[in-house]
Amino acid sequence: METIAFITEAVPPYGVAQQVHPRVRRIVARNPGPFTYHGTNTWIVGAGRVAVIDPGPDDPAHRRALLEALRGETVTHILVTHGHQDHAPGAAPLAAATGATVMGRGHRQAGRTVGIATGHPPFLPDETLGEGDTIAGEGWRLSVLFTPGHASDHLCFALEGEGILFSGDHVMPWSTSMVAPPDGDMAAYMASLRRMLERPEGTFLAGHGPPIVAPRPHVAALLRHREAREAGILEALAAGAATVEEVVAHQYPGLAEPLRPAAARTVRAHLIKLRAEGRLPGAAPAL
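Residues numbered from 1 in each chain as written. Predicted model: local features only at pLDDT ≥ 70, side-chain atom pairs only at ≥ 80, totals over all residues. Heavy atoms only, no water.

Moving on to the environment of L255. Its place among the elements puts L255 in the loop between α5 (244-251) and α6 (260-276). Not counting chain neighbours up to four residues away, the residues in contact with L255 comprise R260 and A263. (Helix = DSSP H or I, 4+ residues; strand = E, 2+ residues; numbered from the N terminus. Contact = heavy atoms within 4.5 Å.)

Here we come to the environment of T36. Structurally, T36 can be placed in the loop between β2 (24-28) and β3 (41-45). For the pair T36 and W140, spaced 104 residues apart in sequence, the C-alpha to C-alpha distance is 28 Å. The residues contacting T36, other than those within four sequence positions of it, are N31, D86, W174 and H208. Within the structure, T36 has its side chain in polar contact with the backbone oxygen of N31 (distance 2.6 Å). (Polar contact = N/O pair within 3.5 Å; in protein donor to acceptor, adjacent residues only side chain to side chain.)

Summed over the entire model, instances satisfying the criterion amount to 15 salt bridges. Residue R279 pairs with E230 through a salt bridge whose shortest N-O separation is 3.2 Å. Taken together, the residues span a long stretch of sequence, with R279 in the segment after α6 and E230 in helix α4 (residues 215-238) at a distance of 49 residues. Put simply, E230, K273, E277 and R279 are held in one network by salt bridges that share partners. (Salt bridge = Lys/Arg side-chain N within 4 Å of Asp/Glu carboxyl O.)

Here the focus is the sheet that holds strand β12 (residues 203-206). The strands making up a sheet associate through hydrogen bonds between their backbones, and the pairing can be parallel or antiparallel. Reading across the sheet, the five strands line up as β8-β9-β10-β11-β12 and stay open at both edges, with mixed pairing between neighbours. With one partner strand each, in any of the chains shown, β8 (134-137) and β12 form the two edges of the open sheet. The sheet shows a mean angle of 25 degrees between the axes of neighbouring strands, direction not considered. Bridging between β8 and strand β9 (residues 140-146) involves four bridges; their strand directions are antiparallel. Among the inter-strand pairings, I135 is bridged to a residue of β9, identified as L142. (Pairing = 2+ DSSP bridges. Axes fitted to C-alpha atoms, helices over the stretch in contact; angles between N-to-C directions.)

Following both chains from N to C, one finds α4 and α6 inclined at 85 degrees, their axes separated by 10 Å at the closest point. As judged from the angle between their axes, α4 and α6 are roughly perpendicular. In this structure, α4 contributes R226, R229, E230, I233, L234 and L237 to the contact, and α6 contributes T266, V267, H270, L271, K273 and L274. Of the residues assigned to the contact of α4 with α6, the class counts are six nonpolar, two polar and four charged. (Parallel < 35°, antiparallel > 145°, perpendicular 65-115°, else oblique. Nonpolar A, V, L, I, M, F, W, Y, C, P; charged D, E, K, R; others polar.)

To continue, consider helix α1 (residues 60-69). What sets the pattern is the α-helix's 3.6 residues per turn: residues three or four places apart point alike. Residues of α1 that are buried include every one of H62, R63, A65 and L66, and no others. Across the axial projection of α1, the buried residues extend over an arc of 160 degrees, all falling on one side. The inward-facing, buried residues of α1 abut β2, β3, β4 (49-53) and α2 (91-98). The distance from a side-chain oxygen at the start of α1 to the backbone nitrogen of A61 is 3.1 Å, and the residue carrying that oxygen is D59. (Buried < 20%, exposed > 50% of the residue type's maximum accessible area, 1.4 Å probe, protein only. Arc of directions from axis to C-beta.)

Printed below as a string of structure tokens:
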């Protein structure tokens, strides 16, 4: 399987607004982990009257740092790429502190709200965004791309005229994205990745990690990785693997035990896609 040239960085200074572009600042939340890298990137777009993208977890220290960085400015919009616990819970308390409108996709239908873990409420924005919507402020304008896969409510935001795409957890520099059913959908994720190959932006700013300054080759490598993973799963089944766990053992030899549940979710997502496409043998694992 092809090795992806992941983009890494040293641990950034927490609670400090870093200017990454004339119209964009980054503050990293102190929530490092195996799925968040050094922590969640909160992005500030504009100056004076600004938008905040992904306020992160409900962490008072992160919120204080964000409000301090925004002292003397007005937050007009709070945008959330998706409802997972490392991106969305900080939105409501930040809105309470600033009076800004929380915007994202979420799900308002019964049974379709998005939450990632027990004890974390689903994300329901004040205003729902969808493909082609725009949000504008003083000197900036963002357009919305609906990119389901990692999460069913995932959005990306293009900063028009600046060559920047805020890619959330859809395209990350340091790792592949987790796609965990039932909310994660591998077919949707790969289709959304293919959309990224057509984007004109030269820089992707993700939900975790440093900027991606050559996004198209990176996205192409992510797609080849997923296609190779599917081929490997089919090989494992042909070799006699009869359960998800046996496929994981075949596909991830030597994987540390704490990471095996995440690998099983990824394998299950691929199996669901392959079954829907009619590509699984009759003896494939039950899902």
